[in-house]
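A structural walkthrough
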Number of protein chains: 4
Amino acid sequence: MTTLWKQAQTLHPTFERFHRCLEDDWFLLDHEITLQRAHAAALLDAGILTAAETQAIGLALDEIQATHTTPHAPPTPPASDAEDLHTWIEAELTARTGDAGRKIHTARSRNDQVATLLSMHAIASAERLTKKLGGLVETLCRRSIEWSDLQLPLQTHAQFAAPGSAGAWSMRYATAFDRVREQFVHHAQRWRRSCPLGSGAVAGSSIAIDRKIQAAHLGFDGPSLNALDATTTRDECLELLAVGTQLALHLQSLATDGIAFSQTPFAWIAYPAPFATGSSMMPNKSNPDALELLRGEANSVSAAHAHVVLLLKGLPSGYNRDLQCIKPIVRDAADTLLGLIDLAGAFVGSVAFDADRLDEALAHGDVQATLRMEMRVQSGQPLRTAHHAETGVAVELDPSLNAERYRTTGSASPAEVRRTANVLLTRLGAEPIA
Amino acid sequence: MTTLWKQAQTLHPTFERFHRCLEDDWFLLDHEITLQRAHAAALLDAGILTAAETQAIGLALDEIQATHTTPHAPPTPPASDAEDLHTWIEAELTARTGDAGRKIHTARSRNDQVATLLSMHAIASAERLTKKLGGLVETLCRRSIEWSDLQLPLQTHAQFAAPGSAGAWSMRYATAFDRVREQFVHHAQRWRRSCPLGSGAVAGSSIAIDRKIQAAHLGFDGPSLNALDATTTRDECLELLAVGTQLALHLQSLATDGIAFSQTPFAWIAYPAPFATGSSMMPNKSNPDALELLRGEANSVSAAHAHVVLLLKGLPSGYNRDLQCIKPIVRDAADTLLGLIDLAGAFVGSVAFDADRLDEALAHGDVQATLRMEMRVQSGQPLRTAHHAETGVAVELDPSLNAERYRTTGSASPAEVRRTANVLLTRLGAEPIA
Amino acid sequence: MTTLWKQAQTLHPTFERFHRCLEDDWFLLDHEITLQRAHAAALLDAGILTAAETQAIGLALDEIQATHTTPHAPPTPPASDAEDLHTWIEAELTARTGDAGRKIHTARSRNDQVATLLSMHAIASAERLTKKLGGLVETLCRRSIEWSDLQLPLQTHAQFAAPGSAGAWSMRYATAFDRVREQFVHHAQRWRRSCPLGSGAVAGSSIAIDRKIQAAHLGFDGPSLNALDATTTRDECLELLAVGTQLALHLQSLATDGIAFSQTPFAWIAYPAPFATGSSMMPNKSNPDALELLRGEANSVSAAHAHVVLLLKGLPSGYNRDLQCIKPIVRDAADTLLGLIDLAGAFVGSVAFDADRLDEALAHGDVQATLRMEMRVQSGQPLRTAHHAETGVAVELDPSLNAERYRTTGSASPAEVRRTANVLLTRLGAEPIA
Amino acid sequence: MTTLWKQAQTLHPTFERFHRCLEDDWFLLDHEITLQRAHAAALLDAGILTAAETQAIGLALDEIQATHTTPHAPPTPPASDAEDLHTWIEAELTARTGDAGRKIHTARSRNDQVATLLSMHAIASAERLTKKLGGLVETLCRRSIEWSDLQLPLQTHAQFAAPGSAGAWSMRYATAFDRVREQFVHHAQRWRRSCPLGSGAVAGSSIAIDRKIQAAHLGFDGPSLNALDATTTRDECLELLAVGTQLALHLQSLATDGIAFSQTPFAWIAYPAPFATGSSMMPNKSNPDALELLRGEANSVSAAHAHVVLLLKGLPSGYNRDLQCIKPIVRDAADTLLGLIDLAGAFVGSVAFDADRLDEALAHGDVQATLRMEMRVQSGQPLRTAHHAETGVAVELDPSLNAERYRTTGSASPAEVRRTANVLLTRLGAEPIA
């Protein structure tokens, strides 16, 4: 095994199996290359690297980048016995540049390096999630406007409650996903405030590099305040996963609603065949697997948050090797979320409501009872008296009492659905729809 | 059981036992009273309540407030057979004001009401936590400055690593807690943006109240966008608990460090007796129970987050009764965090390091190896070569190579500790310390 | 505060608030009294207590039992400044018996004491759960036989799949709950194998008491093997909660099914009014709150398991004060489960299926497709060919192709439902039903 | 994509990405082949397959086995567009045997098939874990006897408590791991009781195969009772993970102890170099990474349990596609546990205590205070009086008061350590050590 430290004894093979992590680190390659450039700039400024050495490092990094990264970073590293990504890249640089490579790790430790890479990954993930969510919100807003007049019995406690529209239903998700989107924007900004690089192993370095140069190169506002904090904590991972968990829960709610709407006795939606599968035994089946997998896979994000909490619980200050285990967790969670947003967006874009079934549904559950009660209130009867008067009263559906009556802002009326969809479209920078 | 709905049959006693929740709701009483006032104002504006009725409601609320709330809200409700807090307060208002009380629930449901109360509780909790954390950060900064010259071997992997100071150690927590504090500030602002009240049960109301009046009265920026979203989601609870979980993890790390520092072979701190207990069997014991309980109790906050995720997972849109279970979880988590911050602050304020033990400790673990290696680097040797040259070299501690050398910004040097402590003190609005 | 150890300084009030646990311990009172009797017997045998002292201890315990316990142990302790239950009872004994009370803690620590109490609590909880579950399984078996001919479209992927019966559905839960019941039986037996008492604080005692006497008195098979293990681990708590989590998940699945069956478009069950509530705003609503609370409250058990895992994670060997936090968690989880089994049993005992609605439902989803395919197979067509031949074929329901055809053992046919219900009834020691 | 159902439309690519699971299923290949043989035997008995067809199926399975499995099943499937493992193997059989392959899925669904495979996997995993744990327990017992006279201050609350031995410490883990081992034995037996195969999709089949033949072929005691339960539940996965979580927690406690014993101020153990790594920056470091990774990786098992709980929460009866997500979770958890037991065993087998450091340690913490107190008790002083008399008394270590005094069964004395180690060795079928 190639290591950055002098090694007298070979590692026990069982330990080495758990220890080597080049493959697990590989998703950070792009950020690692960027970090090397920033660090080289600081070492040049501090007089540790000469201009020629810095240039050599830069060219070597260009070469590594050209060979090993693609627009969509390849998931597998080259055959190598390097301990980890940091070791691999120093070896590559040294092979290409000699002493310049041997100098690149000056005033730096893998502890501050990996903290920086994870911050960079969190920021990049949040940015990609922000963009994807923007697309999903836009799709939902467009469909909401399209569906704003399509009446549907809104439910509480999974029971028909009051008339609303398919658009009011889909605006529930546009609103929730936009709230999550804004959280990713907020966190990416916040994470950019503080660059861990330069914290060293735990105590900085006696070599006076200018951390502001590193921070600026990497797009951070400035260096982190405390080296022990910067190398110990994984707050940005927790935050990415916590917001991801909220996103997962909303996606799961969407899946639950969609599955219910496609259940045999509902049949409110014509479940789109490209998102369904059949049964190996029952020729009659067409199953909403896409939504079940949306609901199922989303759990991995919530579980990832709980997993990282468990990992961090009770660790002492200073880098501990347990932190290694966090890397694949955040990598997979971010990937899964991006895929699930795609899946949700593709489904929402494809699905069609069955207007006849919705119309038929409105006849059930006495969904106009609240409207009738409120008409009594408008006539002066106290609400509670009116409520009790309308309890247990069976009245046929009155088509004139439609959902447009729910005129409270943000409510279920067609006009309100259109208004709020346009609020969100405008917030996203998209054209409002007349 | 007193209910707001007409009830033909008595509930099954086993169900009623799980169903009645006046006691669990009681912590929301203050917010409930405030909400009634805001709602009455909107009903007056909409012509549902007369000026006289509105005044009667106000006086009745004054009376309820005087009788049932104290500066520190009493944890137990009065004997009552009311189904929940909302039922209890409507009954109290009706008993005092007649039809005005019967009108108070117009254009409102318990669904939007409880969503609003939980937002108000989240905001108030975040504000209290912000203040408490400010105090803890200030304490830590003051102690950091006090301890900035007290050298201590900083650790990684729970092994001595490099010289730092007790102040560098405590600034790790000042930095982390201040980051958490800022998150609470951010979330409280965000939660204030959107007032659920007026969303009704799921679809708003056909009675055109002005939701902006409610929002303004309650200190929100404006009404929420979508009624289905506003009554279904509990994002502010999740966010309060997610930030609380990060706080819990930092508190647990502090506890772990403190317990290690007080372990028999360390004895770096003189563990303060008012935070210790003895053994029923072993007369020699003095145990760091306060820190063990800090570590232990903090888990309840992380578990609360996981609990709410589990509760919400897979629920359909619209209010579901499962949401009831969230109330005591967020109540207890906020209370526990406030108590644990107090405990941490009291401990940090009381503890003293043993300078002689710290001094003795520095002789172990060859903690100056990195400094020696960096002196080679300063003389022109490439880092990696210098690193290997210093590996396995046994050198006596050189007192002149002190922690002040770690001069990289944000590092462990005494000057940096003082500088960064003053950065945070200034951020808190406190006087920097010369 | 009264303590068992000599206390020079008063505790810091914030610490004391978290530290004092008499109230949290109180649910263990019955077991604590039993333990004192067993320990007194061992101390008599070892010559530490005289016969007269032992008798005095016994009488004092009778008195404490008479005063402070009732068949259903009172949830609140007497006003006392005792640190915990162990301190309180030693003080009570000493107040009544003098030096005998001062001797009762000989060769014992609170560490082995509480480990023993928690084992006793786990055993008693498992036994109560076993009994309750037996009742629930019996109810389900009786209803399964009653419902064995009531055809219903069984579902997969929440879509109609194949004809079965309401009885086949309820036997799913009888089978699952009986499996859980057997697990509780198994664990109670296992926990009884090993009595922690006599392990002392961590290393036993130099006073040679006969631990077999203690174990026999407390109904254990014998003393535990290793004092460090016995005082550190909480495996019986984890196991109680792990089996409880499985129970919780089955209860939640039952709730989900029941809620679906009562949804407006299904209306397969006449949801029983004593388990429903209404809405404060919508006079038309009758909500399945009992099932929603069953689903909601059950999460607290799964969350309790995760909570204890988090608490235990990474603790060093030997008693740590974090373990204190486990006590209320297991207390509440066992109580909740007992209540939820009651609720599920009461609901299952009350609910009625609507035969007409079920009949109407069978016409949908082409649920006989598999039967038609299998008729082709019986005629010699290979299954896969027959499957594809029946795909997309719309055929009217043939009433002669009923659920009785599913004759594979354990399947959904009426005869199989009756047979398997009787298997379980026999296992429970109940009379099979002809 | 090759499917078992007739497919008119191509799947949406995003959905297909989440949907295809041949790779995730591949670890079940060995069990899948065994299952096909058992099912063919039942189909032969039922007259669905001829003798010649059955033989052809058998030969084809031999071929598949020879080509695709190795003693250690290869982790990657062949290039194939099959939807999943079940589809792949039916296609392979049909390619080789024609109509026999088209008949193999008769009276069977992927729902009962996968439930059976997961039970088989759980049983096989438990058996492998049982064996591995047996080896670890044996190693610990042997080392315990070796270390039985090596005195060490046992700790509670992470503070020196009383004299014990390194052997008493290691017997804590032998005892705990043996308890876990017995749980795996128990569960494997229990899981073997009930074979899901023959449950069909949800309602068995109208083709009367003899499920007892299947069960017998697969090593189960008999067929499962209820088809809906058998295809819905994943209790054996939960149980495997719940016991695995207990194992993980004990491994983590072992890691915590080992890390503490190797901390710079302790240095009780000579941490073995083949389990350590160095630092990229600090030439002085040798870090206990193996134990940190043991502690870190073990969290994935606890997190896996919580993940499956989350997945299952609230699902309706009948197979739901969410269940697909469980497969890689249990695969990885079992693999991780097997690796971690190896790691723990290799470490325990390699580590050496430093007798001089332990000897030095005993002078601290007044660890003989309890012995002195108990000498007072032996002289007739009541325990509580003796306890208070010894509090705060500083006495030099008396070498004659050694750990052998802790003679209570199961305690920390050298003789007891040897006795209990031999109890466990005998239980494992190993020779006791004189």
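Residues numbered from 1 in each chain as written. Chains lettered and ligands numbered in written order. Predicted model: local features only at pLDDT ≥ 70, side-chain atom pairs only at ≥ 80, totals over all residues. Heavy atoms only, no water.

Taken together, the side chains of B:Asp354, B:Asp356, B:Asp359 and B:Glu360 make up a negatively charged region of the molecular surface. Mapped onto the elements, B:Asp359 comes out in helix α14 (residues 355-361). (Patch = residues over 30% accessible without salt bridge, like charges linked within 9 Å, V, L, I, M, F, W, Y side chains within 5 Å. Areas by Shrake-Rupley, 256 points an atom, 1.4 Å probe, with all protein chains shown as cover. Salt bridge = Lys/Arg side-chain N within 4 Å of Asp/Glu carboxyl O. Lys, Arg positive; Asp, Glu negative; His and termini not counted. Charge placed at Lys NZ, Arg CZ, Asp CG, Glu CD. Helix = DSSP H or I, 4+ residues; strand = E, 2+ residues; numbered from the N terminus.)

So, about the interface of chain B and chain A. Contacts between the two partners involve 103 residues from chain B and, on the opposite side, 104 residues from chain A. Summing both sides of the interface, chain B and chain A together bury roughly 8500 Å²; the carbon and sulfur share of this comes to 55%. For chain B, the biggest contributors to the area lost against chain A are B:Ser206, B:Leu225 and B:Arg384; these three give 9% of the whole. Where chain B meets chain A, there are ten salt bridges. With a closest N to O distance of 2.6 Å, A:Arg384 and B:Glu90 form a salt bridge. Taken together, chain B and chain A are joined by 57 residue pairs in polar contact (both at pLDDT 80 or more). (Contact = heavy atoms within 4.5 Å. Buried area = accessible area lost by both parts, 1.4 Å probe. Polar contact = N/O pair within 3.5 Å; in protein donor to acceptor, adjacent residues only side chain to side chain.)

Quick look at the confidence of the model for chain A now. Overall, the predicted model of chain A reaches an average pLDDT of 96, with 99% of residues at or above 70. Here the complex is predicted with pTM 0.98, and the ipTM for its interfaces comes to 0.97. (pLDDT = per-residue confidence, 0-100.)

Moving on, we come to the pattern of salt bridges. Under the defined criterion, the tally for this structure stands at 116 salt bridges over all chains. Taking the shortest distance from any N to any O, the salt bridge between B:Asp99 and B:Arg102 comes out at 2.6 Å. One end of the pair is B:Asp99 and the other is B:Arg102, both in helix α6 (residues 99-103) and three residues apart, which spans about a single turn. Judged by relative accessible area, B:Asp99 falls into the partly exposed class, the value being 36%. With a shortest N-O distance of 3.0 Å, D:Arg179 and C:Asp235 are connected by a salt bridge. Residue D:Arg179 is found in helix α8 (residues 166-191), and its partner C:Asp235 is found in helix α11 (residues 235-261); the two belong to separate chains. (Buried < 20%, exposed > 50% of the residue type's maximum accessible area, 1.4 Å probe, protein only.)

Here we take up helix α4 (residues 51-68) of chain D. Residue and element names in this part refer to chain D. With 18 residues, α4 should reach 26 Å at 1.5 Å per residue; the first-to-last C-alpha distance of 25 Å fits that figure. Residues of α4 that are buried include every one of Glu53, Thr54, Ile57, Gly58, Ala60, Leu61, Ile64 and His68, and no others. For α4, the angular spread of buried residues about the axis comes to 170°, placing them on one side. In α4, the exposed residues that point more than 90 degrees away from the buried face are Ala51, Ala52, Gln55, Leu59, Ala66 and Thr67. (Expected span 1.5 Å × (residues − 1). Arc of directions from axis to C-beta.)

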